[in-house]
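Fold and geometry: a report
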Amino acid sequence: MVTLAEVAQHAGVSASTVSYVLSGKRSISANTRQRVERSIRELGYHPNAGARALASSRSNIIALMIPLRTDIYVPVMMEIAIAVATTARTHGYDVLLLTGEEGPDAVRRVAGSGLADGMILMDVELDDERLPLLRETDQPAVLIGMPADTTGLTCVDLDFKATGALCAEHLAQRGHRDIAVIGEAPAVYERHTGFAERTLDGVRTRARELGLRLLHRPCEGGYDAMALTLARILDERPGTTGFVVQNESALEPLLALLRQRGRAVPEDVSVVAVCPEQVAVQASVRLTSVAIPAQEMGRRAVEQLVAKLDGRGGDEVVLLAPELTVRASSGPAPAQP
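Residues numbered from 1 in each chain as written. Predicted model: local features only at pLDDT ≥ 70, side-chain atom pairs only at ≥ 80, totals over all residues. Heavy atoms only, no water.

As named in an unreviewed UniProt entry, the protein chain is DNA-binding LacI/PurR family transcriptional regulator, taken from Streptomyces griseoloalbus.

Next comes the structure, spelled out in structure tokens:
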């Protein structure tokens, strides 16, 4: 293993000069810095992480708080987490993954221990109990998600309200007047999880503006739960011809149940999904959908956090514009008899 002293000898400088180049604690001439950096590359030197942390008062670690609950679609969360980890690595940071449902205790532990230089929080609720403590600490942080009050916070998210509105508009433009939202599991709404609440708000607001009749029914997902939910919707609103689905585990059961009831997609019923693109294109009927830009969300969150750590970033809300892709699951509303 190459040592700091060997780098210094190779570059023709003192060991302390190499240390200052690595830590940035003192101003070093451009020529000397370049010689040291060239020697580091040529020799393949990697500073000891513990020593580097002591020297710079940084751990070069980002804490990613991602509570893994049974009522969320884990593949999306993992795709975001992978994007966070790979982007962080390009900036010289490693990622510490915290998956427990610890709430403020996790924020307190990370902020009080110096375990990480900054935090990224996921699964954000409208009135998230982690936020009061987060606002009190000096720890740089970014939320992937939006609470009700974003004052003093940096957030990155898909614009889920615009997403809901876009789905309602798409169905209205094709003549659908009775639509239903098949949402996440009831517990997601009971927690007032931001993405689900904002999507529903967007659909409701735009449906009202366009004169659409709307039902919202949460669903646990899976065949049996979807069968009960669909039966309830069609009992209450037999004329429903448009569905907005924000629940990945309900999509295939819904398509199967519609076939069993003799309702063809898209001739009799249109389905628009808010889901990962892979889920939409691999469904038994290729789904018209708004994709979840998981990789971009993870990448942008890290970039925002690194800017804050470098003293370049302030509090900001970054909302990614939704894009609706029309596929085989949506078409004109059937003619009324």
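Let us keep going from here.
**A word on empty space enclosed by the protein**
Under the counting rule described, the total for this entry stands at two cavities of 30 Å³ or more. As a volume, the largest cavity reaches approximately 320 Å³. As for the largest cavity, its lining consists of 24 residues, of which Val76, Met77, Ile80, Phe160 and Phe195 are closest to the centre. Where the lining of the largest cavity is concerned, the elements lending two or more residues are helix H5 (74-90) and helix H10 (194-210). Per-element accounting of the lining of the largest cavity gives the leading share, three residues, to H5. Residues belonging to the lining of the largest cavity are distributed by class as follows: 15 nonpolar, four polar and five charged. What the second largest cavity holds in volume is close to 60 Å³. Across the lining of the second largest cavity, the residue classes tally to five nonpolar, two polar and three charged. (1 Å grid on protein atoms, 1.4 Å probe; cavity = no way out; pocket = protein on both sides within 12 Å on 5 of 7 lines; lining within 4 Å. Points joined across faces, edges and corners; volume = space filled by probe spheres on them. Helix = DSSP H or I, 4+ residues; strand = E, 2+ residues; numbered from the N terminus. Nonpolar A, V, L, I, M, F, W, Y, C, P; charged D, E, K, R; others polar.)

**A few points about the sheet that holds strand S3 (residues 118-121)**
On the basis of which strands lie adjacent, the open sheet formed by six strands has the order S2-S1-S3-S4-S5-S11 and parallel pairing. With partners counted over all chains shown, the strands left at the sheet margins are strand S2 (94-98) and strand S11 (317-320), one partner each. Direction aside, the axes of adjacent strands within the sheet are offset by 20 degrees on average. Where strand S1 (residues 61-65) lies against S3, four bridges are found, and the strand directions are parallel. Bridging across to S3, Ile62 finds its partner in Gly118. Of the strands in this sheet, S1, S3, strand S4 (141-144), strand S5 (155-158) and S11 touch helix H14 (residues 294-309), which is tilted by about 165 degrees from S4. (Pairing = 2+ DSSP bridges. Axes fitted to C-alpha atoms, helices over the stretch in contact; angles between N-to-C directions. Contact = heavy atoms within 4.5 Å.)

**Quick word on the packing of H5 against H14**
Contact pair H5 / H14: the axes reach a minimum separation of 7 Å and the direction vectors enclose 40 degrees. Between H5 and H14, the interaxial angle falls into the category oblique. Two packed elements cross with a definite hand, and for H5 against H14 that hand is right-handed. Residue-level inspection shows Val76, Glu79, Ile80, Ala83, Val84, Thr87 and Ala88 of H5 in contact with H14, the latter providing Ala294, Gln295, Met297, Gly298, Arg299 and Val302. Across the contact of H5 with H14, the residue classes break down as eight nonpolar, three polar and two charged. (Parallel < 35°, antiparallel > 145°, perpendicular 65-115°, else oblique. Left-handed = near helix turned anticlockwise from the far one by under 90°.)

**Things to note about the sheet that holds strand S6 (residues 178-183)**
Strand order in the open sheet formed by six strands is S7-S6-S8-S9-S10-S12, and the pairing between neighbours is mixed. Both outer strands of the open sheet, strand S7 (213-218) and strand S12 (324-325), are each paired with one neighbouring strand and no more. The sheet contact formed by S6 and strand S8 (residues 242-245) spans four bridges and is parallel. Looking at S8, one finds that Val181 is bridged to Val244. Sitting on the sheet, helix H8 (residues 160-173) touches S6, S8, strand S9 (270-275), strand S10 (288-291) and S12, and the angle it makes with S9 is about 165 degrees. Across the face of the sheet, helix H11 (residues 223-236) comes into contact with S6, S7 and S8 while running at roughly 155 degrees to S7.

**Observations concerning the nonpolar core**
Ranked by size, the top nonpolar core spans 46 residues in total, and within it Leu64, Ile80, Val84, Ile120, Met122, Ile144 and Ile292 carry the most contacts. Considering every element that reaches this core, the biggest residue donor is H14, with seven residues. Residue contributions to this core reach at least three from each of two domains, namely domain 2 (61-158 + 294-320) and domain 3 (160-292). Not counting residues up to four positions away in its chain, the partners in contact with Leu64 are Ala81, Val84, Val95, Leu96, Leu97, Leu98, Ile120 and Met122. Of all hydrophobic cores here, the second largest spans 26 residues; its members include Met226, Leu251, Leu255 and Val271. (Core = buried A, V, L, I, M, F, W, Y, C linked by side-chain atoms within 4.5 Å. Buried < 20%, exposed > 50% of the residue type's maximum accessible area, 1.4 Å probe, protein only. Domains from an automatic or database assignment.)

**Notes on the domain arrangement of the protein chain**
Here the protein chain is partitioned into domain 1 (4-47), domain 2 (61-158 + 294-320) and domain 3 (160-292). Measuring from the centre of the C-alpha atoms in domain 1 to the corresponding centre in domain 3 gives 59 Å.

**Structural notes on the pairing of S10**
As defined by bridge partners, S9 adjoins S10 across four bridges and the pair is classed as parallel. The residue bridging Ala273 from the neighbouring strand is Ser289, located in S10. Note on the crossover from S9 through helix H13 (residues 277-282) to S10: the handedness is right-handed. As paired strands, S10 and S12 are joined by two bridges and run antiparallel to one another. Its bridge partner lying in S12, Ser289 is registered against Thr325. (Right-handed = clockwise from strand over helix to strand, strands pointing away.)

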